[in-house]
Amino acid sequence: MFHHITVLKEEATEGLNIKQDGIYVDCTLGGGGHSSVIASKLGPGGRLIALDQDDWALDNAREKLAAYGERVTLVKTNFRDLEQVLKDLDVPMKDGAPQVDGILYDLGVSSPQFDEGERGFSYNHDAPLDMRMDQDAMLTAKEIVNEWPEEEIARILYRYGEEKFSRRIARVIVGKRAQSTIETTGELVELIKEGIPAAARRTGGHPAKRSFQALRIAVNDELGAFEEGLHQAVRCLAPGGRVSVITFHSLEDRICKQIFSSYLEKCTCPPDFPLCVCGGKGTLRLVNRKPLIPTETELTENSRARSAKLRVAEKL
């Protein structure tokens, strides 16, 4: 059973300002929570296109969204292919780009991917080292841990996990794999603990949390895919269309903030000019100046929502 509590469900979908006859894209179908809300607001002329890499999520959504019939189209793909998917589905075009009315991203990992131990995402379950969101993809966490150079392992642990003991952990991993292959998440957890000083292990939550996050991001190239996909989303929005983005850690949120900022109006005219003549007109405007965060009620019901932030922008 695919059980997933959707974070910021109402806020993210309300941010899209859904029109009954609009075309919307859920780039991260997951448990189908956001897609269900979007589809429920569409009329017969509306359309929802939902993307996911995970076969399990797609199979679940076929049942969950069946009542909406041809109004919903499910596509197995990475959202870095957003623009091509929309072209393939014959979405109306303008200036060489498909035009839709709203795009939603709910980044990170779905609860079932964490909770089903065999996927290898969780440090709380002993399972084969995998961490692939797309089970057809080639790269696994096992390959990174057992074959990548020590310097590269240390780099991804530091960059994607902000793990300050990344070099020590990488050294321990490389020392162990010289003796035998590291096969499971349980083995990796013990090696990470060994690489972190005892005093540091006693604070800040589970000692393997940051390293597991880093490996998952590297396996799935999550940040690269998001950066590519978000630029495409801006191109593919029709005027007045909106993009809602839910992030769960600072690296994702920083990328979102910087990309949105790069499309905002940047007038360089002197302040006393009555009209802008510099041509610095922007492509987006922020719907909320600051990101929205979950309410205390939502945090009580779902502790995994604690780090979530929602940013919404509108195409000018």
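Here the structure is a predicted model, which is why all the values come from computation and not from measurement. (Residues numbered from 1 in each chain as written. Predicted model: local features only at pLDDT ≥ 70, side-chain atom pairs only at ≥ 80, totals over all residues. Heavy atoms only, no water.)

Q: Looking at this structure, I do not really get the pairing of strand β1 (residues 23-26). What am I missing?
A: Across a regular strand the side chains alternate sides, sitting on one face of the sheet and then on the other. Residues of β1 alternate between two faces, with I23 and V25 on one and Y24 and D26 on the opposite face, all of them buried. Two elements, β1 and strand β2 (residues 47-52), share four bridges in a ladder whose sense is parallel. Within the sheet, the bridge partner assigned to I23 lies in β2 and is R47. Pairing of β1 with strand β6 (residues 100-106) involves three bridges; the strand directions are parallel. (Buried < 20%, exposed > 50% of the residue type's maximum accessible area, 1.4 Å probe, protein only. Helix = DSSP H or I, 4+ residues; strand = E, 2+ residues; numbered from the N terminus. Pairing = 2+ DSSP bridges.)

Q: For this particular structure, what's the right way to read the packing of helix α7 (residues 150-161) against helix α11 (residues 209-220)?
A: When two helices pack together, their arrangement is given by the angle between their axes and by how far apart the axes lie. Running from N to C, α7 and α11 point in directions that differ by 100°, and their axes come no closer than 8 Å. The orientation of α7 relative to α11 falls into the category roughly perpendicular. Between α7 and α11, the residues in contact are I156, L157, Y160 and G161 and R210, S211, Q213, A214, L215, I217 and A218, respectively. Split by residue class, the contact of α7 with α11 holds seven nonpolar, three polar and one charged. (Axes fitted to C-alpha atoms, helices over the stretch in contact; angles between N-to-C directions. Parallel < 35°, antiparallel > 145°, perpendicular 65-115°, else oblique. Contact = heavy atoms within 4.5 Å. Nonpolar A, V, L, I, M, F, W, Y, C, P; charged D, E, K, R; others polar.)

Q: Hey, could you run me through the layout of surface pockets in this one?
A: Take a probe with the size of a water molecule and roll it over the atoms, and the empty space left behind shows itself. In this structure, the second largest pocket spans a volume of roughly 230 Å³. R159, Y160, L223, G224 and I255 are, among the 17 residues lining the second largest pocket, the residues nearest its centre. Within the residue set of the lining of the second largest pocket, elements represented by two or more residues are α7, α11, α12 (222-236) and α13 (250-262). Taken together, the residues of the lining of the second largest pocket break down into eight nonpolar, two polar and seven charged. (1 Å grid on protein atoms, 1.4 Å probe; cavity = no way out; pocket = protein on both sides within 12 Å on 5 of 7 lines; lining within 4 Å. Points joined across faces, edges and corners; volume = space filled by probe spheres on them.)

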